[in-house]
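# Structural features, examined
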Amino acid sequence: YYEIDNIIKDIEILYISSYNEEYEEKADEKITNEITNGKFDSYQIALLNNISKYIKKYNSNISILGKAPGKFANQEYEYYNSIFKNTNWNFIKSEVANSYKIVDKSKIVIVLNSTLGYESFSRGNKTIFFDIRSHLESLKTLKFGWPIENLQRNGPFWTTDTSFEALEQIVNNVKNMEDSRWKDLNKNYIKRIMPRDNNNSIFKSLLDKYI
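Residue indices begin from 1 for each chain and proceed along its sequence in written order. Confidence filtering applies because this is a predicted model: local features only for residues at pLDDT of at least 70, side-chain atom pairs given and counted only at 80 or more, and all residues used for totals across whole chains, interfaces and linings. Water and hydrogen atoms were dropped before computing side-chain values, which therefore reflect all heavy atoms in the structure.

### Considering the environment of S82
Tracing the backbone shows S82 in helix 3 (residues 72-84). Any pair of N or O atoms that falls within 3.5 Å is considered a polar contact. Within protein, one atom must be able to donate a hydrogen and the other to accept it, and sequence-neighbouring residues count only if both atoms are side-chain atoms. Separated by 2.6 Å, the side chain of S82 and the backbone oxygen of Y79 make a polar contact. For the purposes of this entry, the term helix denotes a DSSP run of H or I that reaches at least four residues, the term strand denotes a run of E that reaches at least two, and both are numbered from the N terminus.

Next comes the structure, spelled out in structure tokens:
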């Protein structure tokens with residue numbers, strides 16, 4: 001629906017929020033038989049701390065694309081401010097942003113588990129996936145690329161490693177990658193991960209056939 005425009009990429013690094021107020025308010029409540037809200041969120045917090053360390057080390061800027069609606073947006077802001085308050089960061093409220101334009105304006109997009117991350121990749125943006133929760137059996141559907149079979153656990157733009165060194169390496173590799181190399185990678189994986197159907201031609205052909 002949203003066409004891909006050739007707009008200026010003026011957001012250095014974008015993180016797509018996976019915030020949920022229940023992670024804090026109901027931290028001890030189980031979301032599966034093996035993990036609580038608090039533990040589930042701890043993976044995101046560990047990733048954010050690594051990103052904060054990277055921002056400081058490389059004197060970079062990061063924007064957070066919020067997720068929480070309405071009154072919870074301020075709560076979400078405080079959640080991220082507690083981690084990024086001493087860095088160059090910016091918070092973008094979800095309700096005032098066109099998410100597709102935001103990812104298209106970003107030089108690097110970082111994501112945990114968000115459909116928007118896959119959509120960003122399908123739009124050709126440099127997108128990095130941190131698959132750091134799916135080792136738990138009850139969260140296996142969060143595995144990067146699920147339900148694709150025979151996809152390696154780590155790749156050129158996704159990783160299961162939770163260390164700062166892994167984040168530093170993959171962010172720098174993708175950031176410094178030639179656009180032509182990224183386009184080749186994108187082309188190789190896009191049909192398996194999230195293919196685009198411009199103008200919904202497949203869907204429209206089915207409508208014409210059956211209606």
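### A few points about unusual backbone geometry
Between W146 and the following residue, P147, the backbone shows a cis peptide bond with an omega angle of 10°. You can see P147 is positioned in the loop between strand 7 (127-130) and strand 8 (158-159). One non-glycine residue, N150, adopts positive backbone phi at about 60°.

### Section: helix 3
Each turn of an α-helix holds 3.6 residues, which means side chains three or four residues apart point in the same direction. To estimate the expected span of a helix, subtract one from its residue number and multiply by 1.5 Å. Across its 13 residues, helix 3 extends 18 Å between first and last C-alpha, which sits within 8% of the 18 Å expected from 1.5 Å per residue. Only protein chains enter the accessibility calculation, which uses a 1.4 Å probe. A residue is then buried if its area is under 20% of the maximum for its type, exposed if over 50%, and partly exposed in between. Of all the positions in helix 3, only A73, E76, Y79, Y80, N81, I83 and F84 are classed as buried. Whether two residues are in contact is decided by their heavy atoms, any of which lying within 4.5 Å being enough. Of the surrounding secondary structure, the elements contacted by the buried residues of helix 3 are strand 1 (11-16), helix 1 (22-25), helix 2 (37-58), strand 4 (61-65) and strand 5 (88-92).

### Quick look at the packing of helix 2 against helix 6 (residues 164-175)
Axis definition: a line fitted to C-alpha atoms, limited for helices to the stretch in contact. Angles are taken between N-to-C directions and run from 0 to 180 degrees. As a packed pair, helix 2 and helix 6 sit with axes 10 Å apart at the nearest point and diverge in direction by 60°. In this view, helix 2 runs oblique relative to helix 6, as classed from their interaxial angle. Remark: the crossing between helix 2 and helix 6 carries right-handed chirality. Between helix 2 and helix 6, the residues in contact are L47, N50, I51, K53, Y54, K57 and Y58 and F164, L167, E168, V171, N172 and K175, respectively. Asp, Glu, Lys and Arg are counted as charged, while Ala, Val, Leu, Ile, Met, Phe, Trp, Tyr, Cys and Pro are counted as nonpolar; the rest, among them Gly, fall into the polar class. A breakdown of the residues in the contact of helix 2 with helix 6 according to their chemical character gives 7 nonpolar, 2 polar and 4 charged. The scheme is simple: roughly parallel for angles under 35 degrees, roughly antiparallel for over 145, roughly perpendicular for 65 to 115, oblique for anything else. For a crossing to be left-handed, the near helix must be turned anticlockwise from the far one by less than a right angle; the clockwise case is right-handed.

### Structural notes on the packing of aromatic side chains
Two aromatic rings, drawn from Phe, Tyr or Trp (for Trp, its six-membered ring), form a pair once their centres lie within 6.5 Å of each other, and the interplanar angle then sorts them: stacked below 30 degrees, edge-to-face above 60, tilted otherwise. All chains considered together, the criterion is met by 22 aromatic pairs. Geometrically, the ring pair formed by Y77 and W89 is stacked, given 5.3 Å between the ring centres and 25° between the ring planes. With Y77 in helix 3 and W89 in strand 5, this residue pair connects regions lying 12 residues apart in the sequence. Under the relative-accessibility criterion, W89 is labelled buried at 17%. Consider the rings of F121 and F157, whose centres lie 4.8 Å apart with planes at 20°: the pair is stacked. Residue F121 is found in helix 5 (residues 115-122), and its partner F157 is found in the loop between strand 7 and strand 8; the two are separated by 36 residues along the sequence. Neither F121 nor F157 differs from the other in exposure class; each is buried. Through a chain of ring-to-ring contacts, the aromatic side chains of Y15, Y19, Y77, Y79, Y80, F84, W89 and F91 assemble into a single cluster. By definition, being over a ring means that NZ of Lys or CZ of Arg is both within 6 Å of the ring centre and within 35 degrees of the ring normal. Above the face of the F164 ring, K53 is positioned so that its terminal group lies 4.4 Å from the ring centre. K175 extends its terminal NZ or CZ atom over the ring of Y58, reaching a point 5.3 Å from the ring centre.

As far as function goes, none of this settles anything; it's purely spatial.
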